[in-house]
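Structural overview
If you want the building blocks of each chain, they are given just below.
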Amino acid sequence: MIIYPAIDLRGGYVVRLREGDPQQQVTFHADPLDAARRWLGEGADWLHVVNLDGAFAKSNDNLSVLEGIAATGAKVQFGGGLRSLEQMQRALDCGASRLVLGTVAVMEPELVGEAIQRFGAETVCVALDARDGKIATHGWKQVSDSSPAELGVAMAQQGLRHALFTDISRDGRLSGVNVSATVRLARDTGLQVIASGGVSRLEEIEALQASSLVAGAVIGMALYRNEISLADALTAASRASDA
């Protein structure tokens, strides 16, 4: 199971938002490259980078930051405001290894299929982020009629392999990742699901790994608050895998 340290970008800073609310922001780094180098130095292979400005449709270009992070040698899973093939191509040109598509998967689902055909299934991930069991879009400000499983199955039929699942009510709150919902989503869709939102203890990482269905976990607030060390998270995932 891959552990993805989160680097959420807003106005050029590394921040964390509680439940995706821009009014509940905590700033952790003035230089995103410092954060990237820290997590790479502690053993990360992948970084999960979110352009919150893009997700909130603000006119702030974090692609130059993506370019700098990718230049460190990290594999970067990048999302936030990617709503056209041109934007996706630009992110790849700036060094992203995998694209996370959210709003566009609900508003223009056929574009996901086009992205998979153009960029390859390993390069595309769909965010199945939910509030009260329904997919949330537009920076989590709007809620659709689809459940994560419904959208996941529809996307799998277009060739999707990778999905990110966030229980929004837990994101940034250190309240514990929703293990059961994540495992159920992976089982119901057959997708390689990455857990996100509220990871707070090593036991949660072990439980996700023990399911043998979950492909990874994004960890944000717990790392920045020193509730979990990245080295311990990587060790816990490896120990569970070897068990």
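None of these values were measured; they are calculated from a predicted model.

1. Quick notes on the pairing of strand S9 (residues 134-137)
- As paired elements, strand S8 (residues 130-131) and S9 share two bridges and run antiparallel to each other. Residue pairing in the sheet places Arg131 in a bridge with Lys134 of S9.
- Where S8 folds back on S9, the antiparallel hairpin that results is connected by two residues, among which Asp132 adopts a positive phi of roughly 55°.
- Inspection of the sheet shows S9 paired to strand S10 (residues 142-143) by two bridges, in the antiparallel sense. Residue pairing in the sheet places Thr137 in a bridge with Gln142 of S10.

2. Describing the pattern of salt bridges
- Scanning the entire structure with this criterion turns up six salt bridges.
- Measuring nitrogen to oxygen at the nearest pair gives 3.8 Å for the salt bridge that ties Arg37 to Asp34. In this pair, Arg37 and Asp34 both sit in helix H1 (residues 32-41), three residues apart, roughly one turn of the helix.
- On the accessibility criterion, Arg37 (48% relative accessible area) is partly exposed.
- Note on Asp34: relative accessible area 40%, which makes it partly exposed.
- Note that Arg187 is salt-bridged to Asp188, the shortest N-O span being 3.9 Å.

3. Structural notes on the sheet that holds S8
- With respect to topology, three strands assemble into an open sheet ordered S8-S9-S10, the strand pairing being antiparallel. The open sheet is flanked by S8 and S10, the only strands paired with a single partner.

4. Remarks on the packing of aromatic side chains
- Counted under the stated rule, the structure contains three aromatic pairs.
- With centroids separated by 5.4 Å and ring planes inclined at 80°, the aromatic side chains of Trp39 and Tyr224 adopt a geometry described as edge-to-face. Remark: Tyr224 occurs in helix H10 (residues 221-224) and Trp39 occurs in helix H1; sequence separation between them is 185 residues. Assigned by exposure class, Trp39 and Tyr224 land together as buried.
- Taken together, the ring pairs in this structure connect Phe28, Trp39 and Tyr224 into an aromatic cluster.
- Of note, Arg98 hangs over the ring of Trp46, and the distance from its end group to the ring centre comes to 4.6 Å.

5. Let's talk about unusual backbone geometry
- Unlike most non-glycine residues, Ser212 shows phi in positive territory, near 65°.
- For Asn226, which is not a glycine, the phi torsion comes out positive at approximately 60°.
- Mapped onto the fold, Asn226 is located in the loop between H10 and helix H11 (230-242).
- A relative accessible area of 59% places Asn226 in the exposed class.

6. Observations concerning helix H4 (residues 85-93)
- The complete set of buried residues in H4 reads Leu85, Met88, Ala91 and Leu92. An end-on view of H4 places all buried positions within 120° of arc, on one side of the element. Relative to its buried face, H4 has exposed residues pointing more than 90 degrees away, namely Glu86 and Asp93.
- Close packing links the buried residues of H4 with helix H3 (63-70), strand S5 (75-79), strand S6 (98-101) and helix H6 (109-119).

7. Looking at the environment of Ala233
- Along the polypeptide, Ala233 turns up in helix H11.
- Residue class for Ala233 comes out buried when judged on its relative accessible area of 0%.
- A C-alpha to C-alpha distance of 9.4 Å links Ala233 and Leu223, two positions ten residues apart in sequence.
- Sequence-distant contacts of Ala233, defined by excluding residues within four places in its chain, comprise Ile3, Leu202, Ile205, Ile219 and Ile228.

8. Overview of the side chain of Ser200
- Within the element layout of this structure, Ser200 appears in the loop between strand S12 (192-196) and helix H9 (202-210).
- Here the side chain of Ser200 touches Glu204 through a polar contact of 2.8 Å, side chain to side chain.

What counts, and at which threshold
Residues numbered from 1 in each chain as written. Predicted model: local features only at pLDDT ≥ 70, side-chain atom pairs only at ≥ 80, totals over all residues. Heavy atoms only, no water. Pairing = 2+ DSSP bridges. Helix = DSSP H or I, 4+ residues; strand = E, 2+ residues; numbered from the N terminus. Salt bridge = Lys/Arg side-chain N within 4 Å of Asp/Glu carboxyl O. Buried < 20%, exposed > 50% of the residue type's maximum accessible area, 1.4 Å probe, protein only. Phe/Tyr/Trp six-rings, centres within 6.5 Å; stacked < 30°, edge-to-face > 60°. Lys NZ or Arg CZ within 6 Å of the ring centre and 35° of its normal. Arc of directions from axis to C-beta. Contact = heavy atoms within 4.5 Å. Polar contact = N/O pair within 3.5 Å; in protein donor to acceptor, adjacent residues only side chain to side chain.

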